[in-house]
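An overview of the molecular structure
What follows is each chain in one-letter form.
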Amino acid sequence: MPRYFCHEHPETLTVQTRVVDARPGAVALEQTPFFPGGGGQLADRGVLRWNGGEVAVIGFEPGDGRLWHRLAAPIEIAGGVEAVVDPAFRAMMTELHTGTHVLNALVYQQFQGALVTGAQLNDDGTARMDFDLPDADNDRLRALEPGINDLVRQDLPIRYTYVPLTEATAVPGLIRSRSVAPPPGDDGTIRIVEIVGLDRQACGGTHLASTARSRALKILKIDNKGRHNRRVKIGLHG
Ligand SMILES: [Zn+2]
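About the thresholds
Residues numbered from 1 in each chain as written. Predicted model: local features only at pLDDT ≥ 70, side-chain atom pairs only at ≥ 80, totals over all residues. Heavy atoms only, no water. Donors = N, O, S within 2.8 Å, 3.2 Å for Na, K, Ca; no water. Helix = DSSP H or I, 4+ residues; strand = E, 2+ residues; numbered from the N terminus. Buried < 20%, exposed > 50% of the residue type's maximum accessible area, 1.4 Å probe, protein only. Salt bridge = Lys/Arg side-chain N within 4 Å of Asp/Glu carboxyl O. Pairing = 2+ DSSP bridges. Axes fitted to C-alpha atoms, helices over the stretch in contact; angles between N-to-C directions. Contact = heavy atoms within 4.5 Å. Parallel < 35°, antiparallel > 145°, perpendicular 65-115°, else oblique. Left-handed = near helix turned anticlockwise from the far one by under 90°. Nonpolar A, V, L, I, M, F, W, Y, C, P; charged D, E, K, R; others polar. Core = buried A, V, L, I, M, F, W, Y, C linked by side-chain atoms within 4.5 Å. Expected span 1.5 Å × (residues − 1). Polar contact = N/O pair within 3.5 Å; in protein donor to acceptor, adjacent residues only side chain to side chain.

Take the coordination of the zinc ion next. Summarising the metal site, the zinc ion is bound by the protein donors His97 (NE2), His101 (NE2), Cys203 (SG) and His207 (NE2), whose distances to it range over 1.9 to 2.2 Å. Written as a sequence motif, the donor residues of the zinc ion are H-x3-H-x101-C-x3-H. A residue pair is termed long-range when its members are at least 10 positions apart, and histidine 97 in helix H2 (residues 87-110) and histidine 207 in the loop between strand E11 (199-202) and strand E12 (217-224) qualify at 110 residues. On the basis of relative accessible area, histidine 207 is assigned to the buried category, the value being 9%.

Bringing the pattern of salt bridges into the picture now. Scanning all chains against the criterion turns up 16 salt bridges. Across the salt bridge formed by glutamate 61 and arginine 70, the nearest N and O atoms sit 3.6 Å from each other. By relative accessible area, which is 33% here, arginine 70 ends up partly exposed. In this structure, aspartate 132 engages arginine 178 in a salt bridge whose closest nitrogen and oxygen atoms are separated by 2.8 Å. Residue aspartate 132 is found in the loop between strand E8 (126-131) and helix H3 (138-142), and its partner arginine 178 is found in the loop between helix H5 (165-170) and strand E10 (189-195); the two are separated by 46 residues along the sequence. Judged by its relative accessible area of 43%, arginine 178 falls in the partly exposed class. Each of Arg23, Glu61 and Arg70 takes part in salt bridges that share partners, so that together they form one network.

So, about the sheet that holds E10. Spatially, the 3 strands line up as an open sheet ordered E9-E10-E11, and their pairing is antiparallel. Each edge of the sheet is formed by a strand with only one pairing partner; in this case those strands are strand E9 (158-164) and E11. Recorded for the sheet is a direction-independent mean angle of 25° between the axes of neighbouring strands. Taken together, the 4 bridges between E10 and E11 define a ladder with antiparallel strand orientation. Bridge assignment links valine 193 to a residue of E11, and that residue is glutamine 201.

A word on the sheet that holds E12. With antiparallel pairing, 4 strands are arranged side by side in an open sheet as E7-E8-E13-E12. The sheet terminates laterally at strand E7 (116-121) and E12, the two strands that pair on one side only. Shown here is a sheet whose adjacent strand axes are inclined to one another by a mean of 20°, direction ignored. Summarising the sheet, E7 and E8 pair through 5 bridges and their orientation is antiparallel. If you follow valine 116 over to E8, its bridge partner there is phenylalanine 131. Of the strands in this sheet, E7, E8, E12 and strand E13 (230-236) are in contact with H2, which crosses E8 at around 30°.

Two elements in contact, H2 and helix H4 (residues 145-153), have axes separated by 10 Å at closest approach and are oriented at 125°. Compared by their axis directions, H2 and H4 come out oblique. Here H2 runs over H4; the crossing is right-handed. In this structure, H2 uses Val102, Leu103 and Leu106 to contact H4, whose residues at the interface are Gly147, Ile148 and Leu151. Grouping the constituent residues of the contact of H2 with H4 by class yields 5 nonpolar, 1 polar and no charged.

In this structure, Leu103, Val107 and Leu144 are the most contacted members of the largest nonpolar core, which totals 35 residues. Residue assignment for this core shows that the elements contributing at least two residues are H2, E7, E8, H4, E10, E12 and E13. Residue contributions to this core peak at 9 residues, all from H2.

Over its 24 residues, H2 runs 35 Å from end to end, which matches the ideal 34 Å to within 8%, given 1.5 Å per residue. Counting buried residues in H2 gives 18 out of 24 residues, a clear majority hidden from the surface. Two or three places before alanine 88, at the opening of H2, aspartate 86 has a side-chain oxygen 3.1 Å from that residue's backbone nitrogen. Looking at the residues trailing H2, positive phi occurs at glutamine 112, about 50°.

Right, dumping it as structure tokens:
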């Protein structure tokens, strides 16, 4: 899990930067405000602008030690550019992602430390989380909705720390995914997201500064997708 500019500067959605490497239809930048996707959160969208030009950024891929920004046209650009994240899309992903943490916290607490087996955020304001919950009653899961919204209204602050991976794996629940531990950054640490008073877990995504900045959440659907995949679909209100 590399450290991204957006981790340290979540409010900075436009940066003036330079192309450090280019090929037709892709560039690597000296500095990038984009979240490139991961952990179920969709990659940012946005544009690059330069003297007289603008092109949409349509995806990201790591390669040659760089983060390549894939462009909507097979052009090769150089020099100074302005990199601009789509603010509405980032805001919605951040809000929804924060909601998945609140859901995840309650499932972990109320279902004996049940772990996550999958997560996917969607661009329509919904998300699904899969949990390892072989024996849980779906009505008990549906009944989490008022508790989720109560925690949202409490406006719990959200903050970050970095801990060595060996330390993180020693604390039960800090790595919430059943199958994968997030890779550490270059310094061997992983990023821990804390919803103060509620939950701590490793995550590299973007989150609100406090829970009440989110709209209310709905539990839309619960499906049994196999013994280790109880799928809970949530959505933002309105
Ligand atoms: Zn997260």
